[in-house]
Amino acid sequence: MSVDPMTYETQFFGFTPQTCMLRVYIAFQDYLFEMMLVVESVMLRKLDGIPGCKVSPSQIRKCTEKFLLFMKEHFDKLFAKMEEVLLQLVLNIPKNVLLPEDRVQEQYPYSEEEFQALQDELQQLQQQCRAEAAAEQALRAELEEQKAVKAELEKILQCFDGLENICREHGAGNFKESFALLTQSCKKLQDVLKEVEEKSKKMKRHDQLM
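Parameters and conventions
- Sequence positions are assigned chain by chain, starting from 1 and proceeding in written order.
- Where local features are concerned, this predicted model is filtered to residues with pLDDT of at least 70; where side-chain atom pairs are given and counted, the filter is 80 or more; whole-chain, interface and lining totals use all residues.
- Working from all heavy atoms in the structure, the side-chain values ignore hydrogens and water.
- Only DSSP runs of H or I covering at least 4 residues are called helices, and only runs of E covering at least 2 are called strands; the numbering of each starts at the N terminus.
- Any pair of residues with heavy atoms lying within 4.5 Å of one another is described as a contacting pair.
- For every accessible area listed, the method is Shrake-Rupley and the probe measures 1.4 Å; residues are considered covered only by the protein chains on display.
- Helix span is expected to be 1.5 Å times the residue number reduced by one.
- Between buried and exposed lies partly exposed: a residue is buried under 20% and exposed over 50% of the maximum accessible area for its type, with that area taken using a 1.4 Å probe on protein chains only.
- Only buried Ala, Val, Leu, Ile, Met, Phe, Trp, Tyr and Cys residues count toward a nonpolar core, and they belong to the same one when joined by side-chain atoms within 4.5 Å.
- Put simply, two rings from Phe, Tyr or Trp (the six-membered ring, in Trp's case) pair if the centres are within 6.5 Å, and we call them stacked under 30 degrees between planes, edge-to-face over 60, tilted for the rest.
- Note on scores: pLDDT gives the predictor's confidence for each residue, bounded by 0 and 100.
- All axes are obtained by fitting lines to C-alpha atoms, using only the stretch in contact for helices, and the reported angles, taken between N-to-C directions, cover 0 to 180 degrees.
- Small angles under 35 degrees read as roughly parallel and large ones over 145 as roughly antiparallel, with 65 to 115 read as roughly perpendicular and the rest as oblique.
- A clockwise turn of the near helix away from the far one marks a right-handed crossing, whereas an anticlockwise turn of less than a right angle marks a left-handed crossing.
- Under the grouping applied here, Gly and all other residues not named as nonpolar or charged are polar, the nonpolar ones being Ala, Val, Leu, Ile, Met, Phe, Trp, Tyr, Cys and Pro and the charged ones Asp, Glu, Lys and Arg.
- Each salt bridge in this description consists of a side-chain nitrogen of Lys or Arg and a carboxyl oxygen of Asp or Glu lying within 4 Å of one another.
- Here the term patch refers to residues with relative accessible area over 30% and no salt bridge, with like charges joined within 9 Å and nonpolar side chains (Val, Leu, Ile, Met, Phe, Trp, Tyr) within 5 Å.

**Student:** Kindly report on the overall build of the protein, identifying the contributing residues and their values.
**Tutor:** Counting its secondary structure elements, the protein contains 6 helices and 0 strands. Scanning the protein from its N terminus toward the C terminus, one meets helices and strands in the order α-α-α-α-α-α. Long-range pairs, those at least 24 residues apart, make up 62% of the contacts in the protein with a sequence separation of at least 6. Accessible area for the protein stands at about 18100 Å²; split by element, carbon and sulfur atoms hold 61% of it.

Structure below.
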């Protein structure tokens, strides 16, 4: 079998020429084996019809195997020549022939350095696309978070509006002003509590010294 990879031919045919020749070889070999079995069976029938024949079936089998080996050796030699001819003249694409899918290379030729530069540029673009996709995903997550915060703020505003309506119904005046006064009162109450705690601590220390 040929050791030439014949990649261009494989691209055109869709299979390697060597694979094709191997299948042809196997098909011929199988046919040869089948024919020898047929010949052997015919000889056995003929011998059965001859009175007093001393040739046994085992002798016929040995002769068949020898003849098969002889035929296979000659067949291998002939097939090697046939394979060489077929690979050179039938399954071979001439060097001056360009496949349709490769004609763009003839129209736009480029060197190995240019091809490497294109590969580098393509890799950079892929990295940029991945970075932009990650940034877009982060922005979407932030947008979802903002939507959730907005929804919570709207709930709080609705709650304040409800409190303001309740205050108006009970004659408490402006809710914002009432809320501001309540906040100031709470702060004063916290200051008083803090002052009481400090005085209590001083009294405890004084009792301990006494």
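**Student:** Before we move on, can you summarise helix α3 (residues 57-89) with the specific residues and values?
**Tutor:** With 33 residues, α3 extends 46 Å between its outermost C-alpha atoms, agreeing within 8% with the 48 Å of an ideal straight helix rising 1.5 Å per residue. Restricting attention to buried positions, one finds in α3 the residues I60, T64, F75, F79, E83 and L87.

**Student:** Before we move on, can you summarise the nonpolar core with the specific residues and values?
**Tutor:** Core analysis: the largest hydrophobic core is formed by 7 residues, namely M6, M21, Y25, F75, F79, L87 and L91. Every element with two or more residues in this core is listed here: α2 (17-48) and α3. If you tally residues by element for this core, the top one is α3, at 3 residues.

**Student:** Please set out the packing of aromatic side chains residue by residue, giving values where relevant.
**Tutor:** Here the structure, examined in full by the defined rule, presents 5 aromatic pairs. With a centroid separation of 5.6 Å and 25 degrees between ring planes, the pair formed by Y25 and F75 is classed as stacked. Pair noted here: Y25 is in helix α2 and F75 is in helix α3, with a separation of 50 residues, a long-range link. By relative accessible area, which is 17% here, F75 ends up buried. Site record: aromatic cluster; members linked through ring pairs are Y25, F28, F75 and F79.

**Student:** So what about the environment of L22? Which residues, and what values?
**Tutor:** Mapped onto the fold, L22 is located in helix α2. Put simply, L22 and E83 are 61 residues apart on the chain and 9.3 Å apart in space, counted from C-alpha to C-alpha.

**Student:** Let's hear about the confidence of the model for the protein: which residues, and what values?
**Tutor:** Averaged over all residues, the pLDDT of the protein equals 80, while 80% of them reach at least 70. Within the protein, α3 carries the highest mean pLDDT (89), whereas helix α4 (residues 103-107) carries the lowest (68).

**Student:** So what's going on with the packing of α2 against α3? Which residues, and what values?
**Tutor:** Relative orientation of the contacting elements α2 and α3 amounts to 155 degrees, with a least axis distance of 10 Å. One element, α2, and the other, α3, form an angle in the roughly antiparallel class. The handedness of the crossing between α2 and α3 comes out as right-handed. For the contact of α2 with α3, the residue count by class is 21 nonpolar, 2 polar and 5 charged.

**Student:** Describe the pattern of salt bridges, and please don't skip the residues or the numbers.
**Tutor:** As enumerated under the stated definition, the model contains 3 salt bridges in all. A salt bridge links E40 to R61, with the nearest nitrogen and oxygen atoms 2.6 Å apart. Of this pair, E40 sits in helix α2 while R61 sits in helix α3, and the two are 21 residues apart along the sequence. By relative accessible area, E40 is classed as buried at 6%. A salt bridge links R140 to E136; the nearest nitrogen and oxygen atoms lie 2.7 Å apart. Of this pair, R140 and E136 both sit in helix α5 (residues 112-169), separated by 4 residues, roughly a single helical turn. Overall, the relative accessible area of 54% leaves R140 in the exposed class.

**Student:** Break down a nonpolar patch on the surface for me, with residues and values.
**Tutor:** A cluster of nonpolar side chains, contributed by F67, F70 and M71, occupies part of the molecular surface with about 270 Å² of accessible area. Note that F70 resides in helix α3. For F70, a relative accessible area of 43% corresponds to the partly exposed category.

**Student:** An account of α2 is requested, with residue identities and associated values reported.
**Tutor:** Relative to the 46 Å expected for 32 residues at 1.5 Å per residue, α2 spans 47 Å between its end C-alpha atoms, a close match to the ideal helical length. Residues of α2 that are buried include every one of P17, Q18, M21, Y25, Q29, L32, M36, E40 and L47, and no others. Considering only its buried residues, α2 is in contact with α1 (7-13) and α3.

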